[in-house]
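# Chain and residue survey
Here is how the chains run, residue by residue.
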Amino acid sequence: MQRRISKQIHIGSVGVGGDSPISVQSMANTDTRDVKATIKQIKELEAADCEIIRVAVPDVEAAEALKGIRKGIRIPLIADIHFDYRLALAALKAGVDGLRLNPGNINEPEQVKAVVKAAKERSVPIRIGVNAGSMPKKKNPDWTVAQNMVEAALEQVRLLESLDFDLIKVSLKAFDVPTTIAAYTDIAARIPYPLHIGITEAGTPRTGIIRSSVGIGALLYLGIGDTIRVSLTAPPRDEVVAGYEILKSLNLRRHGSVLVSCPTCGRTEVDLVTIAEAVEKELSKIDKPVKVAVMGCAVNGPGEAMDADIGIACGKGMDVLFKKGKKIGTVQEKDFVRVLIEEVKRL
Ligand code: SF4
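For the structure given in this document, a descriptive report is provided here. (Residues numbered from 1 in each chain as written. Predicted model: local features only at pLDDT ≥ 70, side-chain atom pairs only at ≥ 80, totals over all residues. Heavy atoms only, no water.)

It is worth spelling out the site of the ligand at this point. Residues in contact with the ligand, as listed here, are Cys-262, Pro-263, Thr-264, Cys-265, Arg-267, Thr-268, Gly-296, Cys-297, Asn-300, Gly-301 and Glu-304. Looking at side-chain class alone, the shell around the ligand contains 4 nonpolar, 5 polar and 2 charged residues. (Near = heavy atom within 4 Å. Nonpolar A, V, L, I, M, F, W, Y, C, P; charged D, E, K, R; others polar.)

The subject of this paragraph is the packing of helix H3 (residues 85–94) against helix H4 (residues 109–122). The geometry of H3 relative to H4 is characterised by a closest axis approach of 9 Å and an angle of 10 degrees between their N-to-C directions. Comparing the axis directions of H3 and H4 gives the class roughly parallel. Judged by residue contacts, Tyr-85, Ala-88, Leu-89, Leu-92 and Lys-93 of H3 engage Gln-111, Ala-114, Val-115, Ala-118, Ala-119 and Arg-122 from H4. Here the contact of H3 with H4 is built from residues that sort into 8 nonpolar, 1 polar and 2 charged. (Axes fitted to C-alpha atoms, helices over the stretch in contact; angles between N-to-C directions. Helix = DSSP H or I, 4+ residues; strand = E, 2+ residues; numbered from the N terminus. Parallel < 35°, antiparallel > 145°, perpendicular 65-115°, else oblique. Contact = heavy atoms within 4.5 Å.)

At Leu-66, helix H2 (residues 60–72) shows its strongest bend, of approximately 30 degrees. By the burial criterion, the buried members of H2 are Ala-62, Ala-63, Ala-65, Leu-66, Ile-69 and Arg-70. (Bend = angle between axes of the 7 residues up to and from the residue. Buried < 20%, exposed > 50% of the residue type's maximum accessible area, 1.4 Å probe, protein only.)

A few words now on the environment of Thr-180. Within the secondary structure, Thr-180 is located in helix H6 (residues 177–188). Thr-180 gets classed as buried once you look at its relative accessible area, which sits at 0%. Distance in space between the C-alpha atoms of Thr-180 and Gln-25 is 18 Å, their sequence separation being 155 residues.

Before going further, it helps to examine the packing of aromatic side chains. In total, this model carries 0 aromatic pairs according to the counting rule given. The aromatic ring of Phe-175 is capped on one face by Arg-211, whose charged end is 3.8 Å from the ring centroid. (Phe/Tyr/Trp six-rings, centres within 6.5 Å; stacked < 30°, edge-to-face > 60°. Lys NZ or Arg CZ within 6 Å of the ring centre and 35° of its normal.)

Dropping the structure here:
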């Protein structure tokens, strides 16, 4: 994979683009006006290693709440603004680290100019966040949705550039995966700015993680994408976990452990689903970049999970403990989760 070269910007302390690691972000789903509840949720997301957080700013009260939220959290705060540019001005005044503007509903040049002027004074980046569901009017009836999204973004990019502003990040999200991929691959070759990638309104975790993984994964494999958000109808923490799993599956970030477990077959003599789930739960508490295997038999298990740092191959009543495919001992079935986790901690 060759990563697309992009200009680096900083959202607070987090670099986006250039050679910065691809960051994982999420969006709070509390009422932004409820400062206490919003800080509580963001603190939980910080504990899950969320790196950037965005909050909705639907009205003046929410904009005023941003100051208190900013003070109560560690990670950079982005204000999500639609329809009313004055909320963007209020958010900047409140001290946010980034803005997201939707060109589908804030595109009056004079209004955008006012926001850009205030953002420039504070060196706060702006994401031009195009969404297929809320687009400006089609410029050309023959254009595809992706082409129309790209043109909407480019128009606002040009406006920001004409104001001598280059702290720009762009996103072009659609629910349809091929549309999203077409839009991002098109714009990636036409602008130097970092790209925030994601599939919008992807759904519940069951289908949304798959849809997001396909879309985000395909783009990342093409070297496109500097920060990601997995949009799920679920607690935001699930978005962060899914984000890291996508990056880990492409070897783009290391984050905690990786669990390898076999699909089971006619050779399996134990309840491997329960065992794997118990191991996964324990591993989620350990912040160590290790690869751990839970396999359903000693015949093929150690070999099939050869590259795991440590693993167990589960047989009836007895498990074989192995390191890098080599047997290092046996464990009684009742002890295996405990022993495996102890070994992981020792590594
Ligand atoms: S590791 Fe063993 S039990 Fe698991 S799928 Fe392979 S052969 Fe079947």
